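As a plain string of letters, each chain reads:
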Amino acid sequence: MTRNRLSDETSPYLLQHQDNPVHWWPWGDAALSEAQLQNKPILLSVGYAACHWCHVMAHESFEDAATADLMNAHFINIKVDREERPDVDALYMHALHMLGERGGWPLTMFLTPHGEPFFGGTYYPPTERFGRPSFSRILTEIARIHRDEPTKVRGNADAILARLREAPPVTEGGARLNEDAIADLAARMVEAVDSVHGGINGAPKFPQTSFFALLWRAGLRYNSKPCRDAVITTLRQICQGGIYDHVGGGFARYSVDARWLVPHFEKMLYDNALLVSLLTEVHAETREPLFAQRIEETVGWLLSDMRVPGGGFAASYDADSEGEEGKFCVWTEAEVIAVLGAEDGVWFCETYDITAAGNFEGHNIPNRLSTPDQLGDAAEARLTAMRALLLERRRQRVQPGFDDKVLADWNGLAITALAQAGDHFERADWVAAAADAYCFVMTNQRTGDRLWHAWRAGVAKAPAIAADYANMIAAAVKLHQVTGERSYLADAAALTATLDRHYTHPSGGYCLSADDTTDLIVRLRHAHDDATPNANGTMVSNLVALSLLEGSGQRLQAAESIIAGFVTELAGNAAGHTGLVAGAMDLAKPQLIVVIEPVPGHAAALLAAIQALSLPGAVTLRIADPAALPADSPSFGKTAVQRQPTVYVCVGPQCSLPVTDPEALRQLLLDARGTTV
């Protein structure tokens, strides 16, 4: 019986489409089998809950009875939540790029009954506009071609499939990721940065945290002021622009303009996690109050608005409410004055660029691009109280859609960010929240030694991708360093073993999907970063950290094999593989800081010296008993000096002399993190 099967799903995005007249199937073997049984082509539609243009196409086409009739008559229609099945999305987005099309969502792909792509696009309008044919015309023509020109369909599918399966050519000599090459890469990356507004030149502007995290590391490593300044300028602009929600906290996904004023209003967990991590790293060096404030506000938003019962973190908030993008977040001048009163309201409007005419389509996006400097403690406290009143009023509005599914990879990023920030700012409650989220994922999204990618409404589902393991390993490593609990280190080792067993590729590195994922025609393998860091780059850094914590040389060899597996890609586009390059920096110069604290609480001055510097990639190990040091660690056998708190700084196999003085430690750390090229 033909019907819409999405009511049986848990994904909020799929449930948004459960009442469509389209006979949607969820992705899986059952849908593929049905396509083969009926010998119908597959119409694959991929989107996500917070996607504005996904909503537009849904209202225009998928809710339209005539369009649905065309779809149902000629296709097996499959709807995919890209966040629930990122492996499916990545595969067919890659195929779209091979067709010479720009990517984006909604992704609309046409497949053979066996799931092989032969044509595709993104958003299609209901009538011909934007230089694009109407969706109904596309449906009719694709159905005709599949029926009348099977040879053409077969030829297209075979050509795309061959390219999806082909191994990259081997570059003679590979890519040289030595210090000179990385320093040169960073210098070239700076040239792409907008020196006035920050971010990559042009518009739209995305936070590009992996890109700027690498620039920051390079700025410290090679003493490059242009690199450091590019990051600081970018973060200041993002923190004061409209991409930041000044009333409710948290960052939107991107800005449509070059000044960071007008956001695409959806908020994603991963953006906020990655920005908290980068802001914390930069604050460690600059001690800039703005960065501390934005970290505190964003963490506050994560804990108040993004946690689900049990402690895991939800995926996103929508850009739309009441069918209008950004309606929940914008203000009129009259509304602000009505809430705050005349005197406070006028001052607030002057500070946050709120006018009668508006700065966005007749409304206002609060921002401080024109008043970026901190106004002093008293003034900032007064503004904080005003924002709280506006937030209370805003909560009375119709809320945007909330996607409360818990994703293992994004939660791994959030856990790491919270643990890092909690440690830096001495916020035990943030560290506890990180531990709660970690426990949620490891309890609800793990069966035996395997992870599940997604969880919602008590159901764990979707096969884990490599990033689920990589990011949860990073989270476990960070929690171990922050709390000293060895169970996290044991978890990291166990998750690494599972990742190695099911995701390793013979050419080196990891595939996106596991070797026993049955519903994909190709297992993709790449190392370039997207909006989130690639698992391969993350794992290089993870393996270096594990080698330092366990004293295992085999971990370093495994990290080297990942780099070796992607030499061709690195040679062609190193700037697109920033996570892998950052991992290579860790691998070239593994840094271990061992803090021996015979009497608990007596190492505060030494720990403060460590916290007063940005030390990306460095692993800090706090122990009370030197006997706990691994036998293969370069620090093995080191002891406290006369039972005083003592620090050893190890770079590769060499460890420093014992240090008990905070100022001497600071200089030692500066020497260890830098490299002259």
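Quick notes on the packing of helix α6 (residues 135-148) against helix α7 (residues 150-165)
- For the pair α6 and α7, interaxial distance at closest approach is 5 Å and the crossing angle is 100 degrees. Classified by the interaxial angle, the pair formed by α6 and α7 is roughly perpendicular. Between α6, through Ile-145, His-146, Arg-147 and Asp-148, and α7, the contact on the second element is made entirely by Pro-150, Lys-152 and Val-153.
- Tallied by class, residues from the contact of α6 with α7 come to 3 nonpolar, 1 polar and 3 charged.

Here we look at the pattern of salt bridges
- Going through the model one piece at a time under the given rule, you end up with 39 salt bridges.
- A salt bridge links Glu-149 to Arg-144; the nearest nitrogen and oxygen atoms lie 3.0 Å apart.
- Glu-285 is paired through a salt bridge with Arg-673; the nearest N and O atoms lie 2.8 Å apart. Highlighted residues: Glu-285 in helix α11 (residues 269-286) and Arg-673 in helix α25 (residues 662-673), separated in sequence by 388 residues.
- Since its relative accessible area comes to 27%, Glu-285 is described here as partly exposed.
- In the salt-bridge network here, residues are joined through shared partners; they are Asp-81, Glu-83, Asp-403 and Lys-405.

Thoughts on empty space enclosed by the protein
- One pass over the structure, following the stated rule, counts 4 cavities of 30 Å³ or more.
- In this structure, the largest cavity encloses a volume near 180 Å³.
- In this structure, the largest cavity is lined by 17 residues; those nearest its centre are Lys-267, Tyr-317, Phe-328, Arg-394 and Pro-400.
- A class-by-class count of the residues in the lining of the largest cavity yields 8 nonpolar, 2 polar and 7 charged.
- In this structure, the second largest cavity spans a volume of roughly 130 Å³.
- Across the lining of the second largest cavity, the residue classes tally to 9 nonpolar, 2 polar and 3 charged.

A few points about the pairing of strand β15 (residues 459-463)
- Summarising the sheet, strand β14 (residues 450-456) and β15 pair through 4 bridges and their orientation is antiparallel. If you follow Arg-456 over to β15, its bridge partner there is Val-459.
- What sits between β14 and β15 in their antiparallel hairpin is a turn of 2 residues, with Ala-457 showing a positive phi close to 55 degrees.

Some details on the pairing of strand β18 (residues 646-651)
- Most of β18 sits inside the fold, with 5 of its 6 residues counted as buried.
- Pairing between strand β16 (residues 591-596) and β18: 6 bridges, direction antiparallel. Within β18, the position partnered with Leu-592 by the bridge is Cys-650.
- Both β18 and strand β19 (residues 654-655) contribute to a ladder of 2 bridges, which runs antiparallel. Each bridged residue has a counterpart across the sheet, and for Val-651 the counterpart in β19 is Gln-654.

So, the sheet that holds strand β1 (residues 24-26)
- With respect to topology, 5 strands assemble into an open sheet ordered β1-β3-β2-β4-β5, the strand pairing being mixed. Single-partner strands in this sheet number two, and they are β1 and β5 (117-121). When strand polarity is set aside, the average angle formed by the axes of neighbouring strands in this sheet is 30 degrees.
- Together, β1, β2 (42-47) and β3 (76-81) form the strand contacts of helix α2 (residues 29-38), whose direction differs from that of β3 by roughly 165 degrees.
- Against the sheet, helix α5 (residues 86-98) makes contact with β2, β3, β4 (107-111) and β5, and its axis sits at roughly 80 degrees relative to β4, the strand it touches most.

Thoughts on the state of the cysteines
- All told, the structure shown has 2 disulfides when counted by the stated rule.
- Cys-51 shares a disulfide with Cys-54; S-S distance 2.3 Å. Note on the Cys-51 and Cys-54 pair: the S-S dihedral is about 80 degrees, so by sign convention the disulfide is right-handed. Side by side, Cys-51 and Cys-54 carry an identical accessibility label, which is buried.
- Each sulfur in the disulfide pair Cys-650 and Cys-655 lies 2.0 Å from the other. Handedness here is read from the sign of the S-S torsion; for Cys-650 and Cys-655, about 100 degrees, the answer is right-handed.
- The disulfide pattern of the protein is 1-2, 3-4 when the bonded cysteines are numbered in sequence order.

Considering the environment of Leu-580
- Position of Leu-580 relative to the elements: it lies in helix α23 (residues 578-588).
- Its relative accessible area of 0% is what places Leu-580 among the buried residues.
- Along the backbone, Leu-580 and Thr-538 are 42 residues apart, and their C-alpha atoms lie at a distance of 7.2 Å.
- Aside from chain neighbours lying at most four places away, what touches Leu-580 is Ala-527, Asn-536, Gly-537, Val-540, Ile-562, Ile-563, Phe-566 and Leu-570.

Here's the deal with the packing of α11 against helix α16 (residues 408-424)
- Two elements in contact, α11 and α16, have axes separated by 8 Å at closest approach and are oriented at 25 degrees. In terms of orientation, α11 and α16 fall into the roughly parallel class. For the pair α11 and α16, the sense of crossing is left-handed. Residues Leu-269, Tyr-270, Ala-273, Leu-274, Val-276, Ser-277, Thr-280, Glu-281, His-283 and Ala-284 of α11 form the contact with α16, whose own contacting residues are Trp-410, Asn-411, Leu-413, Ala-414, Ala-417, Gln-420, Ala-421 and His-424.
- A class-by-class count of the residues in the contact of α11 with α16 yields 11 nonpolar, 6 polar and 1 charged.

Some thoughts on the sheet that holds strand β17 (residues 619-623)
- With mixed pairing, 4 strands are arranged side by side in an open sheet as β17-β16-β18-β19. Looking at which strands have only one partner, the edges of the open sheet turn out to be β17 and β19.
- Along the sheet, helix α20 (residues 535-550) makes contact with β16 and β17, crossing β17 at roughly 25 degrees.
- Docked against the sheet, α25 engages β16 and β18, running at close to 10 degrees with respect to β18.

Description of helix α18 (residues 466-483)
- The end-to-end C-alpha distance of α18, which contains 18 residues, comes to 26 Å, matching closely the 26 Å that a straight helix rising 1.5 Å per residue would cover.
- Across the 18 residues of α18, 16 count as buried, placing the element largely inside the fold.
- Gly-484 occupies a position one or two residues after α18 and carries a positive phi of about 80 degrees.

Scoring rules and cut-offs
- Residues numbered from 1 in each chain as written.
- Predicted model: local features only at pLDDT ≥ 70, side-chain atom pairs only at ≥ 80, totals over all residues.
- Heavy atoms only, no water.
- Axes fitted to C-alpha atoms, helices over the stretch in contact; angles between N-to-C directions.
- Helix = DSSP H or I, 4+ residues; strand = E, 2+ residues; numbered from the N terminus.
- Parallel < 35°, antiparallel > 145°, perpendicular 65-115°, else oblique.
- Contact = heavy atoms within 4.5 Å.
- Nonpolar A, V, L, I, M, F, W, Y, C, P; charged D, E, K, R; others polar.
- Salt bridge = Lys/Arg side-chain N within 4 Å of Asp/Glu carboxyl O.
- Buried < 20%, exposed > 50% of the residue type's maximum accessible area, 1.4 Å probe, protein only.
- 1 Å grid on protein atoms, 1.4 Å probe; cavity = no way out; pocket = protein on both sides within 12 Å on 5 of 7 lines; lining within 4 Å.
- Points joined across faces, edges and corners; volume = space filled by probe spheres on them.
- Pairing = 2+ DSSP bridges.
- Disulfide = S-S within 2.5 Å.
- Left-handed = near helix turned anticlockwise from the far one by under 90°.
- Expected span 1.5 Å × (residues − 1).

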